[in-house]
Amino acid sequence: MTWFERIHIRTFSNESYCLLTEHLSQISSFVTEKNLDEFKVFTCPDVAYDIVVILEWGGTMPQNKRSVLGEELTQILSVYGSCNRSTWESVPSLEATSNKL
C-alpha cells in the first residue's frame with residue numbers, strides 16, 4: 001500500500017527560504033531509503049515562504065505511523081521556520097486513473 005509523509009515548512013524570511021531550498025537540494029541528492037519511492041518538494045505560489053516535502057513510501061506503514069527519515073527531516077528543517085509533519089495513506093477504492101477521468 002502507498003503512504004506518504006507531508007512535511008510543511010513556513011519559513012521566517014526570504015533568507016531562510018533560500019537557505020532551506022539550498023539544504024533540500026543537498027538532501028534530495030543523497031536520500032536513498034529502503035521503500036522510499038519518491039522525494040518531492042513543492043512551493044506554494046500563493047504563500048511566498050511555504051515549502052512542502054513529500055516522502056512517498058511503498059510497503060506497509062510502520063505501526064507508529066511515521067518513518068525515521070520523516071522524523072529526522074522534520075527536526076532538521078524546523079530551524080528554517082514553523083514545521084509540521086503528517087502521515088497519509090492511499091485509499092485505492094477511491095482513486096482514479098487517467099483512463100477514468
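As shown above, the structure is provided for reference.
Residues numbered from 1 in each chain as written. Predicted model: local features only at pLDDT ≥ 70, side-chain atom pairs only at ≥ 80, totals over all residues. Heavy atoms only, no water.

Enquirer: Explain the overall build of the protein chain to me, please; I cannot follow it from the model alone.
Expert: Counting secondary structure elements, the protein chain contains two helices and four strands. In terms of principal-axis extent, the alpha carbons of the protein chain reach across some 45 × 30 × 25 Å. Here the analysis covers contacts within the protein chain between residues at least 6 apart in sequence; of these, 68% occur between residues at least 24 apart. Accessible area for the protein chain stands at about 6,800 Å²; split by element, carbon and sulfur atoms hold 52% of it. If the 8 positive side-chain charges of the protein chain are averaged to one point and the 13 negative ones to another, these points end up 7 Å apart. (Helix = DSSP H or I, 4+ residues; strand = E, 2+ residues; numbered from the N terminus. Contact = heavy atoms within 4.5 Å. Areas by Shrake-Rupley, 256 points an atom, 1.4 Å probe, with all protein chains shown as cover. Lys, Arg positive; Asp, Glu negative; His and termini not counted. Charge placed at Lys NZ, Arg CZ, Asp CG, Glu CD.)

Enquirer: Mind showing me how you'd approach the nonpolar core here?
Expert: Phe-39, Val-53, Leu-55, Leu-73 and Leu-77 are the most contacted members of the largest nonpolar core, which has 19 residues in total. Put simply, the parts of the chain that give this core at least two residues each are β1 (3-11), α1 (14-30), β2 (36-43), β3 (50-57) and α2 (68-77). (Core = buried A, V, L, I, M, F, W, Y, C linked by side-chain atoms within 4.5 Å. Buried < 20%, exposed > 50% of the residue type's maximum accessible area, 1.4 Å probe, protein only.)

Enquirer: Mind showing me how you'd approach the environment of Ser-29 here?
Expert: With respect to the helices, strands and loops of the structure, Ser-29 is situated in helix α1. Exposure remark for Ser-29: the relative accessible area of 62% places this residue in the exposed category. Between the C-alpha atoms of Ser-29 and Phe-39, which are 10 residues apart in sequence, the distance is 9.8 Å.

Enquirer: Please explain α1 as it appears in this structure.
Expert: Given 3.6 residues per helical turn, the α-helix brings residues three or four places apart onto the same face. Counted at 1.5 Å a residue, the expected span for α1 with its 17 residues is 24 Å, and the 25 Å between its end C-alpha atoms agrees. For α1, the full list of buried residues reads Ser-16, Tyr-17, Leu-20, Leu-24 and Ile-27. In a view along the axis of α1, the buried residues occupy a sector of 95°, so they form one face of it. For α1, the exposed residues lying more than 90 degrees away from the buried face are Glu-15, Ser-29 and Phe-30. Tucked inside the fold, the buried residues of α1 contact β1, β2, β3 and α2. (Expected span 1.5 Å × (residues − 1). Arc of directions from axis to C-beta.)

Enquirer: Before we go on, may I ask you to explain the pairing of β2 in this structure?
Expert: Consecutive residues of a regular strand have side chains that alternate between opposite faces of the sheet. Bridge count for β2 against β3 is seven bridges, and the pairing is antiparallel. Bridging from a neighbouring strand, Leu-36 pairs with Trp-57 of β3. The loop that links β2 with its antiparallel partner β3 comprises six residues. (Pairing = 2+ DSSP bridges.)

Enquirer: Looking at this structure, how should I read the pattern of salt bridges?
Expert: When the charged atoms of two side chains lie near each other, side chains of opposite charge can form a pair. This model, assessed by the stated rule, comprises five salt bridges. The salt bridge partner of Glu-5 is Arg-85, with a shortest N-O separation of 3.2 Å. Pair noted here: Glu-5 is in strand β1 and Arg-85 is in strand β4 (residues 81-89), with a separation of 80 residues, a long-range link. What makes Arg-85 buried here is its relative accessible area of 17%. Of the charged contacts, one joins Arg-10 and Asp-50 as a salt bridge, the two residues approaching to 2.7 Å between their closest N and O atoms. Of the two residues, Arg-10 sits in strand β1 while Asp-50 sits in strand β3, which places them 40 residues apart along the sequence. Among the residues examined, Arg-10 registers a relative accessible area of 41% and is labelled partly exposed. Residue Asp-50 is classed as buried on the basis of its relative accessible area, which comes to 6%. (Salt bridge = Lys/Arg side-chain N within 4 Å of Asp/Glu carboxyl O.)

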